[in-house]
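Breakdown of the fold
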Amino acid sequence: MTKMNNPDKKEQQPDTAHLKKNGKAKAGSSPEFNLGENAFYDIFFKKAPEAILITDSEGKILMVNKSFASVTGYKKSEVVGKYPSILKSGLLDDKFYYKMWRSLKNKGSWRGEIFNKRKNGEIYQEWLSITSLKNKKGEITNYIGIFADAQSRITQKTSESFNKQYYDPLTKLPNRLLLQDRLEFMINHARRNNELMALLMLDLDRFKLINETFGYEVGDTVLKTMTERLITCVRDVDAVFRLGADEFAVILEEIARLEDAAKVARRIIESCSVPVEINGQEIYVTTSIGISIFPTDGDGKAPLFQSAEKAMIRAKEMGSNTYQHYKPAMNTRAAEQLALESSLRNAISRDEMFVYFQPQLELKSKNITGMEALIRWKHPEMGMISPAQFIPVAEATGLIIPIGEWVLRNACEHAVEWQKDHKPLVISVNLSARQFQQQDLVSIVKNVLDETGLEAKYLELEITESLGMKNPEQTLKTLTDLKAMGIKIAIDDFGTGYSSLSYLKRFPIDTLKIDRSFVMDMIEDQSDAHIVKTIITLAHSLDLSVIAEGVEKEAQAQYLLENGCEKMQGYLFSPPVSAAEFLKLLNTQNKDTMQLVNYFCDDL
Ligand code: C2E
Ligand code: CA
Ligand code: CA
């Protein structure tokens with residue numbers, strides 16, 4: 001099991017003191033682990049045909065069952081208090097264990113095939129499933145490993161031939177056979193977790209020529225250098241393989257976006273093209289890469305492999321030293337997205353970003369009560385780029401963190417500025433999921449308020465439904481902290497996501513924002529009108545206020561007013577405008593309000 005190979009942990013002398021507290025380590029009596037009901041103990045632990053091993057949070061073995069002894073050859077007394085690393089076969093590399101660890105840490109479980117060693121030195125293959133158990137505070141208390149002998153035995157003597165079979169002797173990289181294995185495993189993993197993964201197929205350009213010109217020894221050195229460079233271009237969790245003479249492959253697991261694979265491909269091409277210096281000679285090597293993405297370019301091992309190969313051949317045909325996606329449209333998309341990403345990095349420092357403000361009005365009085373801050377990006381060549389287009393890129397790259405903070409600061413500064421000559425208004429700022437997950441979000445918001453001098457009660461943060469539901473406990477904590485400061489919370493785009501009523505009740509929310517999609521058609525579409533009415537009733541029954549967004553027509557405003565909605569936001573009164581325009585709006589508010597009142601009520 002993984003815990004045994006924790007690289008940070010040195011093998012220690014067994015510390016079994018805690019097990020001796022109650023005499024001997026007995027199920028149900030260990031202070032660290034309680035198996036609970038006897039029936040459970042009998043059926044699932046003692047008599048289970050699978051070997052079961054239970055450790056403490058440090059990975060130290062607390063209990064094993066009978067089957068453990070028959071699979072491994074170790075008696076209980078020989079392993080309790082020790083680390084599972086006594087079973088390590090030495091056939092798996094650190095990367096393998098690192099991945100296992102990561103999965104355990106992030107997902108709480110790991111499942112797969114592993115080679116371990118019995119007491120008699122025999123190496124065997126087992127199917128292992130590890131699950132971590134947590135206490136109420138969310139801290140890991142135990143790991144449970146369940147495994148069964150996979151029946152295929154490899155003796156110590158044959159472990160060398162295993163290495164030969166699966167690893168390339170020159171570069172020490174896993175070979176084509178192991179790629180097939182891992183690919184299958186990774187595809188299953190990605191499928192189960194609904195993740196994207198990419199397969200990159202690399203071929204060094206004109207490598208044959210290098211061998212023929214400089215000799216095989218130089219060729220080997222070039223291959224080793226390329227291997228080192230390849231490894232530095234990928235993340236720790238990604239795997240690099242050597243498939244043949246000058247052919248390599250890379251599996252990129254859990255990629256956030258399709259463009260991420262292109263990004264790695266670019267990095268590899270750049271890194272490989274730096275000349276290799278051997279015996280005072282500079283040798284130029286370039287590489288062509290084909291990319292296939294799971295699941296879009298192939299739903300299984302073979303199709304994914306073929307897609308990457310075809311894409312690689314196309315890259316060669318295009319003149320080498322380049323990469324190609326299997327689907328040609330992806331090349332343009334990836335290039336555009338990457339261009340967008342790189343200009344987004346500098347957008348703030350180049351003063352290309354602005355914050356626009358859209359007024360929010362009380363439906364009854366038509367008074368402006370607040371404004372929503374909405375970011376705008378004026379790209380020097382591409383012109384105005386919609387937030388709908390760049391916010392997802394900012395989210396995926398993490399750039400939303402500095403951008404979001406910048407918007408918050410800018411919005412608060414303006415709100416303070418406008419308070420000097422006008423009635424204080426509430427400024428609403430959108431918070432993206434990624435920002436919300438930041439550990440220090442609360443202190444960042446606090447700093448911005450302190451620095452700009454805006455009172456917390458004049459700030460409202462807009463979050464979406466799905467964001468709150470992802471990790472309700474964490475959400476509750478963050479919202480409670482923000483609320484304690486006096487900040488208001490609104491649920492944006494309400495009705496489009498998936499909300500649990502009990503969470504709505506538990507979360508300290510102030511406002512529901514009815515999504516534009518319902519408001520848009522509610523006059524023509526009965527069911528949308530019904531949804532809007534229901535959301536208003538729901539909000540009021542939960543003691544929340546309601547604002548409708550995207551109000552464009554008078555009839556919509558009327559319907560909302562008649563059904564008790566307090567506020568509105570939309571083109572009917574004003575689209576989002578620049579700070580200067582917004583100030584003009586405030587200055588003429590009285591005049592505008594009168595006009596609007598007349599507009600709504602003909603008899604006035
Ligand atoms: P959102 O938060 O739902 O913002 C409302 C969107 O509806 C805005 O689009 C606004 O211009 C538009 N809108 C308002 N009234 C009307 C109307 O009457 N008719 C129509 N057709 N549209 C109306 P915008 O400014 O393009 O922003 C799009 C989305 O981008 C926002 O949706 C929000 O999710 C995101 N966004 C904008 N600024 C920020 C920001 O600073 N941070 C984050 N995280 N997201 C932002
Ligand atoms: Ca919003
Ligand atoms: Ca919205």
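Counting restarts for each chain, with residues numbered from 1 along the sequence as it is written. Here chains are named by letter from A upward and ligands by number from 1 upward, in the order in which they appear as written. Local features in this predicted model are restricted to residues whose pLDDT is 70 or higher, and side-chain atom pairs enter the listing and the counts only when it is 80 or higher, whereas totals over whole chains, interfaces and linings include all residues. Excluding hydrogens and water, the side-chain values take into account all heavy atoms of the structure.

1. Topic: the overall build of the protein
Numbering of helices and strands runs from the N terminus; a helix is a DSSP stretch of H or I covering at least four residues, while a strand is a stretch of E covering at least two. A tally of helices and strands in the protein yields 24 helices and 21 strands. A simple rule labels every residue: compare its accessible area, found with a 1.4 Å probe on the protein chains alone, to the largest value its type can have, and call it buried under 20%, exposed over 50%, or partly exposed in between. The buried share of the protein, reckoned over its 604 residues, is 51%. Throughout, a contact is declared for two residues whenever any of their heavy atoms are within 4.5 Å. Excluding contacts between residues fewer than 6 apart, the proportion of contacts in the protein whose partners are at least 24 apart in sequence is 65%. Surface accessibility follows the Shrake-Rupley procedure with a 1.4 Å probe radius. Residue values consider only the protein chains on display as shielding. Within the structure as shown, the protein displays about 29300 Å² of accessible surface, and the carbon and sulfur contribution to it stands at 51%.

2. Quick look at the nonpolar core
Buried Ala, Val, Leu, Ile, Met, Phe, Trp, Tyr and Cys residues that are joined via side-chain atoms within 4.5 Å together make up what is termed a nonpolar core. Ranked by size, the top nonpolar core spans 82 residues in total, and within it F357, I427, L459, L461 and F582 carry the most contacts. Broken down by element, this core gets its largest block of residues, nine residues, from helix 14 (residues 400-419). Those residues in contact with I427, other than ones at most four positions away along the chain, are F357, M371, A373, A411, A415, L454, Y458, L459 and E460. Residues V218, V250, I255 and V264 belong to the second largest nonpolar core, which totals 38 residues.

3. Some words on the coordination of the calcium ion (ligand 3)
Here a donor is any nitrogen, oxygen or sulfur atom (N, O, S) within 2.8 Å of the metal, with 3.2 Å used for Na, K and Ca; water is not among the atoms considered, so some sites may look incomplete. Donor atoms from the polypeptide that coordinate the calcium ion (ligand 3) comprise D492 (OD), D493 (OD), E549 (OE) and E549 (OE), at 2.1 to 2.5 Å from the metal. In primary sequence terms, the donor set of the calcium ion (ligand 3) follows D-D-x55-E. For the pair the calcium ion (ligand 3) and the calcium ion (ligand 2), the metal-to-metal distance amounts to 3.9 Å, and D492 bridges them. Taken together, the residues D492 in strand 18 (residues 488-494) and E549 in strand 20 (residues 545-549) connect sequence positions 57 residues apart. You'll find D492 and E549 in the same group, each marked buried.

4. Considering the pattern of salt bridges
By definition, a salt bridge exists where a carboxyl oxygen of Asp or Glu is found within 4 Å of a side-chain nitrogen of Lys or Arg. Tallied over the full model, the rule gives 32 salt bridges. Between K301 and E184 there is a salt bridge, with its nearest N and O atoms 3.1 Å apart. Of the two residues, K301 sits in helix 11 (residues 301-317) while E184 sits in helix 7 (residues 176-193), which places them 117 residues apart along the sequence. A residue is classified by how much of its surface remains accessible, and K301, at 27% relative accessible area, is partly exposed. Across the salt bridge formed by E462 and K513, the nearest N and O atoms sit 2.8 Å from each other. Taken as a pair, E462 in strand 17 (residues 459-464) and K513 in strand 19 (residues 511-514) lie far apart in primary sequence, 51 residues in all. Here E462 and K513 have matching classes, each one buried.

5. Section: the site of ligand 1
The cutoff for a nearby residue is simple: one of its non-hydrogen atoms must lie within 4 Å of the molecule or strand. The local shell around ligand 1 holds 22 residues, among which Q358, R376, R516, E552 and Y571 are the closest. A 3.5 Å cut-off defines polar contacts: any pair of N or O atoms within that distance qualifies, except that in protein one atom must be a possible hydrogen donor and the other a possible acceptor, and neighbouring residues in sequence count only when both atoms are side-chain atoms. A distance of 3.1 Å separates an oxygen atom of ligand 1 from a polar side-chain atom of N430. Here ligand 1 loses 82% of its free accessible area of 790 Å² to cover by the protein chains. Elements with a minimum of two residues in the shell around ligand 1: strand 14 (368-379), helix 13 (387-397), helix 14 and strand 18. Residue classes follow a fixed rule: Ala, Val, Leu, Ile, Met, Phe, Trp, Tyr, Cys and Pro count as nonpolar, while Asp, Glu, Lys and Arg count as charged, and any other residue, Gly among them, counts as polar. Considering only residue class, the shell around ligand 1 consists of nine nonpolar, six polar and seven charged.

6. Some points on the confidence of the model for the protein
Every residue gets a pLDDT, meaning the predictor's confidence in that residue, from 0 to 100. Overall, the predicted model of the protein reaches an average pLDDT of 85, with 87% of residues at or above 70. Under a pLDDT of 50 for its full length, residues 1-33 has, in the predicted model, 72 contacts with residues more than four places off or in other chains. This model gives residues 597-604 a pLDDT under 50, and the stretch forms 12 contacts once residues within four places in sequence are excluded.

7. Side note on helix 8 (residues 207-214)
For helix 8, the full list of buried residues reads F207, I210 and N211. All buried residues of helix 8 fall inside an arc of 95° around its axis, so they share one side. Those residues of helix 8 that are exposed and angled more than 90 degrees off the buried face are K208, L209, E212 and T213. The elements touched by buried residues of helix 8 are strand 6 (196-205), helix 9 (216-233) and strand 10 (281-283). At the C-terminal side of helix 8, G215 shows a positive phi close to 95°. By arc we mean the arc of the directions from the helix axis to the C-beta atoms, nothing more.

8. Examining the side chain of K99
Checked against the element boundaries, K99 lands in helix 5 (residues 94-107). Residues contacting K99, with those up to four places away along its chain left out, are V237, A239 and E253.

9. Things to note about the coordination of the calcium ion (ligand 2)
Coordination sphere of the calcium ion (ligand 2), protein contribution only: E372 (OE), N430 (OD1), E462 (OE) and D492 (OD), at 2.1 to 2.3 Å. Written as a sequence motif, the donor arrangement for the calcium ion (ligand 2) is E-x57-N-x31-E-x29-D.

10. Observations regarding the side chain of S132
Along the polypeptide, S132 turns up in strand 4 (residues 123-134). Other than its neighbours up to four places away in sequence, S132 contacts L104, G108, I140, N142 and Y143.

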